[in-house]
Amino acid sequence: MKSTLEHRRAYQQRLLTALREELTAREIPAVLVVTADGRPGLDVTDSRCRPRRVFVHLPFCWFYWGDQQDERVTFLRLPAAVDRIEQAARDGWSEGEQGELSMDLGKIADVYRS
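Below is a summary of the structure that appears in this document. Fair warning: this is a prediction, and the values are worked out from it, not measured in the lab.

## Some details on the packing of helix α1 (residues 4-25) against helix α2 (residues 78-91)
- In contact at an axis separation of 10 Å, α1 and α2 are set at 60° when each is read in the N-to-C sense. Taken together, the axes of α1 and α2 are oblique relative to one another. Pair α1 / α2 crosses with right-handed handedness. Taken together, the residues of α2 that come into contact with α1 (itself represented by A18, L19, E22 and L23) are L78, V82, I85 and E86.
- In the contact of α1 with α2, the residues fall into six nonpolar, no polar and two charged.

## What about the packing of aromatic side chains?
- Inspection of the entire model under this criterion finds five aromatic pairs.
- Considering the side-chain rings of Y11 and F75, the 6.3 Å spacing of their centres and the 85° angle between planes classify their relative orientation as edge-to-face. Linking Y11 in helix α1 with F75 in the loop between β5 (72-74) and α2, this pair joins segments that are 64 residues apart in sequence.
- Exposure remark for F75: the relative accessible area of 7% places this residue in the buried category.

## Quick word on the pattern of salt bridges
- The final tally for this structure, using the stated rule, is nine salt bridges.
- With a shortest N-O distance of 3.8 Å, R39 and D37 are connected by a salt bridge.
- The salt bridge involving R53 is made with D43; its shortest N-O contact spans 2.6 Å. Here D43 lies in strand β2 (residues 40-45) and R53 lies in strand β3 (residues 51-57), a separation of ten residues in the sequence.
- Of the residues examined, R53 reaches a relative accessible area of 27% and is grouped as partly exposed.
- Sharing partners across several salt bridges, the network here consists of R26, D83, E86 and R90.

What counts, and at which threshold
- Residues numbered from 1 in each chain as written.
- Predicted model: local features only at pLDDT ≥ 70, side-chain atom pairs only at ≥ 80, totals over all residues.
- Heavy atoms only, no water.
- Axes fitted to C-alpha atoms, helices over the stretch in contact; angles between N-to-C directions.
- Helix = DSSP H or I, 4+ residues; strand = E, 2+ residues; numbered from the N terminus.
- Parallel < 35°, antiparallel > 145°, perpendicular 65-115°, else oblique.
- Left-handed = near helix turned anticlockwise from the far one by under 90°.
- Contact = heavy atoms within 4.5 Å.
- Nonpolar A, V, L, I, M, F, W, Y, C, P; charged D, E, K, R; others polar.
- Phe/Tyr/Trp six-rings, centres within 6.5 Å; stacked < 30°, edge-to-face > 60°.
- Buried < 20%, exposed > 50% of the residue type's maximum accessible area, 1.4 Å probe, protein only.
- Salt bridge = Lys/Arg side-chain N within 4 Å of Asp/Glu carboxyl O.

The quantities given are spatial measurements derived from coordinates; they are silent on function.
What follows is the structure, encoded as structure tokens:
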């Protein structure tokens, strides 16, 4: 029997595969990868030949490629998500290291408990 984590990662991989198919159809290079900690990701190359890794954040229904407000888009409307990621790749990823989007939901819950 598959664990919850395995089910989540399989769903993330299906979402990223659908995104990859759409991006490659638009001639945006994209390769499905798995990180060292087992997370599926999509390496997308921008117009300056710089890769950025796109991940899936399931609780908030996002594709994200950094930690800034303009570096995430909902995956619930795939055509709009593809448009946004394609535009970001054509414009070129932001300078510097890719930020990691992380949210400690436990800390958020603690705020509401106090």
